[in-house]
Amino acid sequence: MNVRRARRGLLILLPLLFLAAAFYYPLLRLFREGLTENGRFTFRFLTDVFVDPYFLRVIVFTAKQAFWSTLLSIAIGLPWAYVFTKYRFPFKSTLRSLTIVPFVLPSITVAVGFILFFGNNGYLNQALMFVFGLESPPIRILYSLPGIVLAHAFYNAPLVARMVSAQWEQIDPAYTESARSLGAGRVRRFAGITLPMLMPGLMTSSMLVFIFSFLSFPIVLALGGAQFATLEVEIYTQFIVLFNEPTGAALAILEIILSLLFTFGYILLEGRFTRPVGGRIHHATEPLFRWSWGRGLLWLFIVACAILYIGPLGSVLADSFTRSWAGHTVLTLDWYAAIFRPEYNALIGAAPLRAVQNSLQTAAGAMLGALVVGVPIAFAVARGRFRGRRLFDTVVMAPLGVSSVALGAALLAAFLRPPLQLGHGWLAIVLAHTILAYPFVIRAVVPILEGLDRGPVEAARSLGATGWRAFLDIELPLIRRGLLVGAVLAFAISLGEMSATIMLARPEWKTMPLVVNDLRAARSFGGASAMSCLLMAITAIAFVVIERFGARIFGGTKWSKSA
Amino acid sequence: MRTLLVTAVALLGVCLVCFGQAADTPFVVYTYDSFASWGPASSIEQAFEATHPVDVRFVAVADSRSMLTRLLQERQAGRQGADVFIGIEAAELARTQRLELFVSIPPEDVPNLAAVDPALLLDPSGSLIPYEHGYITFVYDSEHVETETLARTFEDLLDARYRNQIILEDPRMSSPGLSFLLWTIDRYGDPGYLDYWRQLRPNILTVAGGWGEAYDLFLAGEAPIVLSFSTDTAYSVIDHGSARHKVMLLQNQGYRNVYFMGVVQGTEHLDWATDFLDLVLSTEIQSLIPTTEWMFPANPEALLPVSFYQYAVTPPQPVMVSPEAIAENLDRWLREWSLVILGG
């Protein structure tokens, strides 16, 4: 027993050691910067922030937009999860893999798509003006709070949908069936049975969305404007523009404390909601494409979703195939020719195809790293019986709440010195992405672990199976949906990450989002769109591949078809 | 579907197998992304390697501010990140000086410096050397703004007919944005500029994060006036075959921005580094500046393309705020400006 405990302890100790070296140590430097002056401890920088009415306004606005963004993401993500759980339609699994693509897009791409489609002069307004013969654009959502909220929902609704549907598929339909036989109506069944059982997934994803939106910044500036600056913009200003590191660090500390408070609050709440649900459930699905009047609302939702996603992304695609010449818009392949041209940037070592390779390698490394670090911690969180378990759960989520600007600078500072001394290179980027991504693995796996029926494992153990054997044969297949979602999210986080990459990358390790950034900085707007489309295509293929293989590796066919 | 999958897997596999080959880095130049990707970097590299036994490596993964932050972090950690840095703007001069990042260079070590317009030599210590300059001006879409009644003064811009018609950039995040803030301070004084901004607010459609975002909005037709560069008509003619985007001069002024390069303290290749700066100022390289950087070359002997000569506007009265005043007040100016603009 003691040997086993020791072995288990080692399994959790290694990821924690990694975190201590690669995350908490750099973070410590950040805290030292924000809390000391001439070597002496001080709260001055922190209190300066609190007494300044300007910062208070910024903090209140940051929280407000994050709240609305979360609400809208749920409003879109929940019905979306419903459609994917209850209905069947052609290419369902491929579409499911693709849902996470918006999550990885560089903010520039989304901003351009939104401007072209939802802008005052965008395709949507032009179409509406044409159809209804209007004089002025009817939909004015950009450059105001609704534009920011819609863009955050665009990013985050897929996250909600993925996490909730993973949970939904675990709910035994027998519950709702028996409620139906007892005469409970549709609404009653959903509110009384399904919703409470979905709560863990719903709350997990809400918390992630809230913190994401709380820390968001390029998209807020692009679609809202400086009038709507968030805390993160201030951190950028203090660190990068004014070289005012103590105040920047103080703001970053404040941001991390707030994020951890949200996380802790959520973890306390989550404990109340977790309900045991079944493990391997077969859901009878209905074909989606069958018209009935009762489905009017459903179809309204699907059409609205299609407009929200296909509109902006389609606009970017159209932009990548057109250019304006002598006052006309002409079709062209110039932008693609430009990004594929071998001599482009060949001397600089960041040719676009190299960036594709860099992005995939880095994301694959980060995904593996996040699983290796995240899964043992998830088990400790879900299964551990120790004091301060919730606090532990909160603290391991810290990377989510750290300002990306501050983290980039902190990691760079740490990676330049012993003991890490990785400098700028592939491993440095992969480690940074691993740190940013592993919390997603934890959050994707924990709710499922907690809802797992321990019966089969205990049965196996009583029949003589070793703990490891029982884990591999029984638990792993049962939590595979969570693992898969976690892996996909980790991959996605790495693909889309920019702030830390900018600080750590050498030119030969530039990733796709950085190249999109470059192209636009160099006035190649069409080239940036072409590169964005390439990024979308590559990530779409990568997600489909990961999910196909992931399902096989984690024994997908073993359980879902039987039982 | 299956073939697609197989191809995709193969692609992924190839990517995972071929790791990047390590290269040694004898001469490193930090600069901003656009200078390296479409700017004159590759021509500089070729020319320099032809005459010097070095392997020039441009490191440009982000904008110049991020690259400068990186250089600073490396210095604090006792590492020599780069030999040369290209891309410090005039507004950052004094603050950069305080950090003592750059070596002061005797003018005779950079012979081409003699040709440079003395008005651009803004660094008294002589460590930062100008390589290009430009003017921030408003640019308008001549199909949507009446040219006859065009705004000619700052006050004209407050007119109600421009309501929601102006796209600006955030001075905290972008160089043109900062230039315009400084320009209003130059014109209305401190704190008079805040009043001007209060009156301007209704006419601002949005204050975008950076120049790229702002120009995207402008190109998408979201508003017909954008804060940009006086070379935009030339760009429009050369790249889009139309002079539709025109420069709007206010008070016959333009905010002048000068961009500098310097030799990083601690370099082991001081001679090469000064040769390198000299090469950047040579007429061959300077002649590439107009159509790659869309800026005016620092060396007036550089050759300009005819359409650049014809369409790039040189404002009769360039405006600049002194780097010292900027270093002194920037923190407060940005704060006061944010308070005026916030929640608009």
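Cut-off values and rules
- Here, residues in each chain are numbered from 1, in the same order as that chain's written sequence.
- Each chain takes a letter, starting from A, and each ligand takes a number, starting from 1, following the order in which they are written.
- pLDDT decides what is reported in this predicted model: residues at 70 or higher carry local features, side-chain atom pairs at 80 or more are listed and counted, and totals for whole chains, interfaces and linings draw on all residues regardless.
- Only DSSP runs of H or I covering at least 4 residues are called helices, and only runs of E covering at least 2 are called strands; the numbering of each starts at the N terminus.
- In this setup the radius of gyration rests on C-alpha atoms only. A globule is expected at 2.2 Å times the number of residues raised to 0.38.
- Neighbour counting defines burial: a residue surrounded by 20 or more other C-beta atoms within 10 Å of its own C-beta is buried, one with 12 or fewer is exposed, and intermediate counts give partly exposed, using backbone-placed C-beta atoms.
- Any two residues are considered in contact once their C-beta atoms, placed from the backbone, lie within 7 Å.
- These domain limits were set by an automatic method or by a database of domain assignments.
- For this scheme, ten residues count as nonpolar: Ala, Val, Leu, Ile, Met, Phe, Trp, Tyr, Cys and Pro. Four count as charged, namely Asp, Glu, Lys and Arg, and the remainder, Gly too, count as polar.
- Note that bend, as reported per residue, equals the angle between axes fitted to the 7 residues terminating at that residue and the 7 residues originating from it.
- The angle between two axes is taken between their N-to-C directions and runs from 0 to 180 degrees, where each axis is a line fitted to C-alpha atoms and a helix contributes only its stretch in contact.
- Should an angle fall under 35 degrees it is taken as roughly parallel, and over 145 as roughly antiparallel, whereas 65 to 115 is taken as roughly perpendicular and any remaining angle as oblique.
- The nonpolar core is taken to be a set of buried Ala, Val, Leu, Ile, Met, Phe, Trp, Tyr and Cys residues joined by way of C-beta atoms within 7 Å.
- Only when DSSP finds a minimum of two bridges between them are two strands counted as paired.
- Handedness of a helix crossing follows the sense of rotation of the near helix relative to the far helix, less than a right angle counterclockwise being left-handed and clockwise being right-handed.
- The predictor reports its confidence for every residue as pLDDT, a score running from 0 up to 100.

Caption draft 1: Main features of the overall build of chain A. The helix and strand tally for chain A stands at 27 helices and 6 strands. Against the compact-globule benchmark of 24 Å for 563 residues, chain A has a radius of gyration of 24 Å, which places it among compact chains. Projecting the C-alpha coordinates of chain A onto the three principal axes gives extents of approximately 75 × 70 × 50 Å. When burial is assessed residue by residue, chain A has 52% of its 563 residues classed as buried. Here the contacts in chain A between residues at least 6 apart in sequence split such that 82% fall between residues at least 24 apart.

Caption draft 2: Just the overall build of chain B, in detail. Counting its regular elements, chain B contains 14 helices and 11 strands. Considered along the principal axes of its C-alpha atoms, chain B spans approximately 65 × 60 × 45 Å. For chain B, with 344 residues in total, the buried portion stands at 50%. Sequence-distant contacts in chain B: of pairs separated by 6 or more residues, those separated by 24 or more amount to 79%.

Caption draft 3: Focus on the domain arrangement of chain B. All names here are of chain B. Along its sequence, chain B is carved into domain 1 (25-133 + 257-304) and domain 2 (135-255 + 313-341). Of note, the centres of domain 1 and domain 2, computed from C-alpha atoms alone, are 27 Å apart. With 11 residues of domain 1 at the contact, the number on the domain 2 side is 15 residues. At 3 residues, helix H5 (residues 93-99) tops the list of elements feeding residues into the side of domain 1 that touches domain 2. When its residues are assigned to classes, the side of domain 1 that touches domain 2 shows 7 nonpolar, 2 polar and 2 charged.

Caption draft 4: Quick look at helix H14 (residues 323-341) of chain B. Roughly 65° is the biggest bend found in H14(B), and it falls at B:Asn329. All of the buried residues along H14(B) are B:Pro323, B:Ile326, B:Leu330, B:Trp333, B:Leu334, B:Trp337, B:Ser338 and B:Ile341. Buried residues along H14(B) sit against helix H3 (53-86) and helix H12 (231-241) of chain A together with H5, helix H6 (175-188), helix H7 (192-200) and strand E6 (204-208) of chain B.

Caption draft 5: Here's a closer look at the interface of chain B and chain A. Contact with chain B, which involves 62 residues of that partner, is made by 61 residues of chain A. With 7 residues, H14(B) is the largest single contributor of residues to the side of chain B that touches chain A. Classifying every residue of the side of chain B that touches chain A by side-chain character gives 29 nonpolar, 17 polar and 16 charged.

Caption draft 6: Summary view of the packing of helix H6 (residues 107-118) of chain A against helix H14 (residues 296-320) of chain A. Residue and element names in this part refer to chain A. In the contact formed by H6 and H14, the axes pass within 8 Å of each other and the chain directions differ by 95°. Between H6 and H14, the angle falls in the class roughly perpendicular. Where H6 abuts H14, its residues Thr 109, Val 110, Val 112, Gly 113, Phe 114, Leu 116 and Phe 117 lie against Gly 311, Pro 312, Leu 313, Ser 315, Val 316 and Asp 319. Taken together, the residues that form the contact of H6 with H14 break down as 8 nonpolar, 4 polar and 1 charged.

Caption draft 7: A look at the environment of A:Phe61. Residues and elements named next belong to chain A. Residue position: Phe 61 is located in helix H3. Placed 84 residues apart in sequence, Phe 61 and Leu 145 show a C-alpha to C-alpha distance of 9.8 Å. Non-local contacts of Phe 61, meaning those with residues more than four positions away in its chain, are made with Phe 228 and Thr 230.

Caption draft 8: Molecular detail of the nonpolar core. Within the largest apolar cluster, 284 residues are counted, with the highest numbers of intra-cluster contacts made by A:Ala406, A:Val441, A:Ala490 and B:Ile167. Counting the residues that make up this core, at least three belong to each of domain 1 (25-133 + 257-304) and domain 2 (135-255 + 313-341) of chain B. Residues contacting A:Ala490, with those up to four places away along its chain left out, are A:Ala366, A:Met367, A:Ala370, A:Ala437, A:Phe440 and A:Val441.

Caption draft 9: Highlighting the pairing of strand E1 (residues 27-30) of chain B. All names here are of chain B. Because side chains alternate across E1, one face comprises the buried residues Phe 27 and Val 29, and the other comprises Val 28 and Tyr 30, equally buried. By the bridge criterion, 4 bridges tie E1 to strand E2 (residues 56-59) in an arrangement that is parallel. Residue pairing in the sheet places Val 29 in a bridge with Phe 58 of E2. Pairing of E1 with strand E3 (residues 84-89) involves 2 bridges; the strand directions are parallel. Paired with Val 29 across the two strands is Val 84, which belongs to E3.

Caption draft 10: Quick peek at unusual backbone geometry. B:Pro191 follows B:Asp190 through a cis peptide bond whose omega is 15°. If you check the backbone angles, A:Phe91 has positive phi at about 60° while not being a glycine. Within the secondary structure layout, A:Phe91 lies in the loop between strand E3 (87-88) and helix H4 (92-98). Notably, B:Asn252 is not glycine yet its phi reads approximately 60°, a positive angle. Relative to the helices and strands, B:Asn252 resides in the loop between strand E8 (245-248) and strand E9 (253-263).

Caption draft 11: Region of interest: the pairing of strand E6 (residues 328-331) of chain A. All names here are of chain A. With 4 bridges connecting them, strand E5 (residues 322-325) and E6 associate as antiparallel partners. By the bridge assignment for E6, Trp 325 is matched with His 328. The hairpin formed by E5 and E6 contains 2 residues between the paired strands, and Ala 326 there has a positive phi angle of roughly 50°.

Caption draft 12: Representation of the packing of helix H9 (residues 173-181) of chain A against helix H10 (residues 186-215) of chain A within the structure. Residues and elements named next belong to chain A. As a packed pair, H9 and H10 sit with axes 10 Å apart at the nearest point and diverge in direction by 145°. As H9 runs across H10, the sense of the crossing is right-handed. Of the residues in H10, those touching H9 at Tyr 175, Thr 176, Ala 179 and Arg 180 are Arg 189, Ile 193 and Thr 194. Here the contact of H9 with H10 is built from residues that sort into 3 nonpolar, 2 polar and 2 charged.

Caption draft 13: Local environment of the confidence of the model for chain A. Residues with a pLDDT of 70 or more make up 92% of chain A, whose mean pLDDT is 84. Note on residues 555-563 of chain A: pLDDT under 50 across the span, and 9 contacts to partners over four residues away in sequence or across chains.

Caption draft 14: Representation of the environment of A:Val83 within the structure. Note that A:Val83 resides in helix H3. With 205 residues separating them in the primary sequence, A:Val83 and A:Leu288 have C-alpha atoms 8.2 Å apart.

Caption draft 15: Here's a closer look at helix H25 (residues 512-521) of chain A. Within H25(A), 10 of the 10 residues are buried, which leaves the element mostly enclosed by the surrounding structure. Within two residues after H25(A), A:Arg523 carries a phi angle of roughly 65°, on the positive side.

Caption draft 16: Highlighting the confidence of the model for chain B. Residues and elements named next belong to chain B. Across chain B, the average pLDDT comes to 88, with 92% of residues at or above 70. The weakest mean pLDDT in chain B belongs to helix H1 (residues 2-17) at 49; the strongest belongs to strand E7 (residues 225-229) at 97. If you check the scores for this complex, the pTM reads 0.85 and the ipTM reads 0.80.

Caption draft 17: How the structure looks around the environment of B:Leu281. Residues and elements named next belong to chain B. Structurally, Leu 281 can be placed in the loop between helix H10 (270-280) and helix H11 (283-286). Placed 165 residues apart in sequence, Leu 281 and Val 116 show a C-alpha to C-alpha distance of 8.3 Å. The residues contacting Leu 281, other than those within four sequence positions of it, are Val 110, Asn 112, Leu 113, Val 116, Tyr 131, Gln 286, Ala 298 and Asn 299.

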